[in-house]
Amino acid sequence: MRNITNELLKQPSLSFFDKRRGTVIPDICDEIRNGLWRDYNVDVALANEKIDATRVLDMSSEFADYIPLKDGVVWNSEINCFEEQKYVPHIVEGMNYDKFLALCDEYFAPYKDKKIAVHLSGGLDSSIIICILKELNIPFSLFGLVTDRFEFRTERRIQNILAEYGVETVFVNLEEYPHYGDLDGFPALQMPNDFIKCIAPSRKMVSEMKQCGVDVVFGGQGGDSLFVDSIPLGLDGVSFNIPNEFDVNVENEMHYVPNGMELKSFYADKRIIDAICTLRQGQRIDSPKWWARKFFKGILPRELSDYCYTADFFGLSMSGLEAAKPTIKTLFEEAHDLLEHPAFSPKATKEMLETDVFSFDYHSYCDFCCRISIAAWVTALFRK
C-alpha cells in the first residue's frame, strides 16, 4: 500500500461539501491521506475542462462524496444548494478622476509602512497600478518576467519604461525559468489545480521578492472584467464573482503566504470596483481598453495611452511545454501506476511524446494541460 509522504498544503480559499454528512468541511487532507486520492475521477476532470471557467456551477465534482467549494462558490444551508458569490456594484455619486485617485490613496494607506511590490508584466492593468502609485508618491519595487523572444517585444518595451518608476526593479528570465518548468516539484495539494504553467517562474519571482524584504505584492487580476465588459447605465444587471474573477488565492497560498508575503489584486477591492463601474457607465464591450487608456492618460506613458496591442504568449508557452516532455513522461508513468487510468497509459504517454504541441488548438491544449495537472498532483503526494 502506498503511503503519502508529503504534508498537504491547506488552502483557506478551498473548502468541501461533505455529501454524506450534509455539511461543509474546511479540507479533506485526512481523507486524501487515508486513500481518497484513489477515487479521483479523471474523466470528470477532463469533462470539466471543456466548461468555461466562469460557469463554476456547471462543473461536476471529481470526488463522489466531496464537492469542492472553489473560489466564488458557497453552500447556502438555508435553501440547500450551491450558489455563486456575486457582488453587485453601487453607483458612487460625484465620482471623477480626482476622487478616484483620492480613493486609491485611501486603499494603499494601510500598506504605506510595508514594502510594496507590483508585478511588472508590461500589460495595461498592472501598469495602471504602477502609475497610480507613482502619482501618489508611494514607493514600490517592481518584479517582472522577461524574455527576448519576438512575441514579447511590446511588453518588454513597456517594462523598460516603467522599470524607472520603481525604487528597485528585478527581472526573472523566462528562458532560465520557463513555463512548465519544475513540474516534478509541484507542491502536495488536496486536489489538482491548473496553476502548472508558471510554477517555475513564480517560485523564482517570489524568492527574489523575499530576498528584497517585500511584504505585499499587487497584481492586475480582474482588470479585464472592469475595463472590457460592457457597463450599462445605472449598472443594471452588473455583478461580479470577485473570488473567481479577481482574486489570486491559489497563487497566493502556494507561493506567497508560505514565504511571509501577501499577493493582492488591486481591482478586487469593492470600492475600486464601485468607482470604475460608476465611471464606465454606458460603455460597451471595450477589448482594447480605450476607455481606461484615455481615463488614465495623464499618468500613463504615451505607449500605453495612445496605442493598444494584443499579447500572444502561445509560442512561449509551447516552447516550455515541448522542453518539459521528458518530465511529463515520468509524471504520466507514475500517474498510471497510481491511478491506473488510460489517460496516462503507455499508449497515451507515447502519443504525448509524439505530439507537435505547436499544432494544438485551444481545446487540445487544455485537455493536455489538465492531464499534466492531474499527474503532477498525484505524484506530488508521494514524492520524498
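Residues numbered from 1 in each chain as written. Predicted model: local features only at pLDDT ≥ 70, side-chain atom pairs only at ≥ 80, totals over all residues. Heavy atoms only, no water.

## Comments concerning the packing of aromatic side chains
Both the distance between ring centres and the angle between the ring planes are used here to describe each pair of aromatic rings.
In step 1: For the structure shown, the criterion picks out 27 aromatic pairs.
In step 2: Centre to centre, the rings of Trp37 and Phe382 are 5.0 Å apart; their planes meet at 75°, and the pair counts as edge-to-face. Placement of Trp37 in the loop between α1 (29-33) and α2 (42-48) and of Phe382 in the segment after α16 (362-380) is noted, with a sequence separation of 345 residues between them. Both residues of the pair, Trp37 and Phe382, belong to the buried class.
In step 3: Consider the rings of Tyr40 and Phe63, whose centres lie 5.5 Å apart with planes at 75°: the pair is edge-to-face. (Phe/Tyr/Trp six-rings, centres within 6.5 Å; stacked < 30°, edge-to-face > 60°. Helix = DSSP H or I, 4+ residues; strand = E, 2+ residues; numbered from the N terminus. Buried < 20%, exposed > 50% of the residue type's maximum accessible area, 1.4 Å probe, protein only.)

## Considerations on the sheet that holds strand β7 (residues 141-146)
In step 1: One open sheet holds the 5 strands; their spatial order is β8-β7-β6-β9-β10, and the pairing between them is parallel. Strands at the two margins of the open sheet, each flanked by one partner only, are β8 (168-173) and β10 (262-265). Adjacent strand axes in the sheet meet at a mean angle of 25°, parallel and antiparallel pairs treated alike.
In step 2: Direction of pairing for β7 relative to β8: parallel, over a ladder of 6 bridges. Paired with Gly144 across the two strands is Phe171, which belongs to β8.
In step 3: Across the sheet, helix α6 (residues 199-211) is in contact with β6 (116-119), β7, β8 and β9 (216-219); its angle to β7 comes to roughly 155°.
In step 4: Across the sheet, helix α9 (residues 249-256) is in contact with β6, β9 and β10; its angle to β10 comes to roughly 165°. (Pairing = 2+ DSSP bridges. Axes fitted to C-alpha atoms, helices over the stretch in contact; angles between N-to-C directions. Contact = heavy atoms within 4.5 Å.)

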